[in-house]
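A structural walkthrough
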Amino acid sequence: MLDKLVTPQQGNRIIITVIGQDKVGIIAKVSTILADYSINILDISQTILQEFFAMVLIADIEKSQIPFENLKEKLNALGLELGLKIDAQHEDVYRYMHRI
């Protein structure tokens, strides 16, 4: 219950996942896109599984200066440029798709 008091409203949060071959600058490039549109990173977890990079990022889009669909397009384009799979979903959609 305390979580809901100290975190932004669920409707303002998105989950970004990044998977692919590890290379220098992945986090920097993703976070630059977010910063360019006033999107705040709330939490980030990344790991290297052998030579594969995996990241999950939670961000607050409340003050965002870009429509969500346009943000997804920019992240997808970055993924194509870097040879990665980058996806963004609203938190409620992500939770629904990954429920147990």
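Everything here concerns the structure above.
In short, a report on the structure.

The rules behind these values
- The residue numbering used here restarts from 1 in each chain and proceeds along that chain's sequence as written.
- Owing to the predicted nature of the model, reporting of local features is limited to residues with pLDDT of at least 70; listing and counting of side-chain atom pairs is limited to 80 or more, with chain, interface and lining totals taken over all residues.
- Excluded from the side-chain calculations are hydrogens and water; all other atoms, namely the structure's heavy atoms, are used.
- Where helices and strands are cited, they refer to DSSP runs of H or I of at least four residues and of E of at least two residues respectively, numbered from the N terminus.
- A 1.4 Å probe rolled over the protein chains alone gives each residue an accessible area, and that area as a share of the maximum for its type sets the label: buried under 20%, exposed over 50%, partly exposed in between.
- Note on definitions: a residue-residue contact is assigned when non-hydrogen atoms from the two residues lie within 4.5 Å.
- Here the open area of atoms and residues is found with the Shrake-Rupley method and a 1.4 Å probe, where only the protein chains shown may cover a residue.
- Surface patches are defined over residues having more than 30% relative accessible area and no salt bridge, joining like charges when they lie within 9 Å and nonpolar side chains (Val, Leu, Ile, Met, Phe, Trp, Tyr) when within 5 Å.
- What makes a salt bridge here is a side-chain nitrogen of Lys or Arg within 4 Å of a carboxyl oxygen of Asp or Glu, nothing more.
- Paired strands are those between which DSSP finds at least two bridges.

1. Digging into the overall build of the chain
Of regular secondary structure, the chain possesses 4 helices and 4 strands. Looking at the chain as a whole, 31% of its 100 residues qualify as buried. Here the contacts in the chain between residues at least 6 apart in sequence split such that 65% fall between residues at least 24 apart. Carbon and sulfur atoms make up 55% of the accessible area of the chain, which amounts to about 6600 Å² in all.

2. Brief notes about a nonpolar patch on the surface
On the surface, I27, I41 and I44 cluster together into a nonpolar patch covering about 200 Å² of accessible area. Relative to the elements of secondary structure, I27 occurs in helix α2 (residues 26-36). I27 gets classed as partly exposed once you look at its relative accessible area, which sits at 34%.

3. A look at the environment of K74
Note that K74 resides in helix α3 (residues 68-82). A sequence separation of 12 residues divides K74 from I86, and the C-alpha atoms of the two residues are 9.7 Å apart. In this structure, K74 is in contact with I33, Y37 and I66, ignoring residues within four places of it in sequence.

4. Side note on the pattern of salt bridges
Across all of its chains, the model carries 1 salt bridge by this definition. Measuring nitrogen to oxygen at the nearest pair gives 3.6 Å for the salt bridge that ties K72 to D87. Here K72, found in helix α3, pairs with D87, found in strand β4 (residues 84-90); they are 15 residues apart in sequence, far enough to count as distant.

5. Observations regarding the pairing of strand β1 (residues 13-21)
Of the pairings in the sheet, the one linking β1 to strand β3 (residues 52-60) comprises 9 bridges and is antiparallel in character. Paired with G20 across the strands is F53, a residue of β3. Note: β1 against β4, 7 bridges, orientation antiparallel. Within β4, the residue paired with T17 across the bridge is D87.

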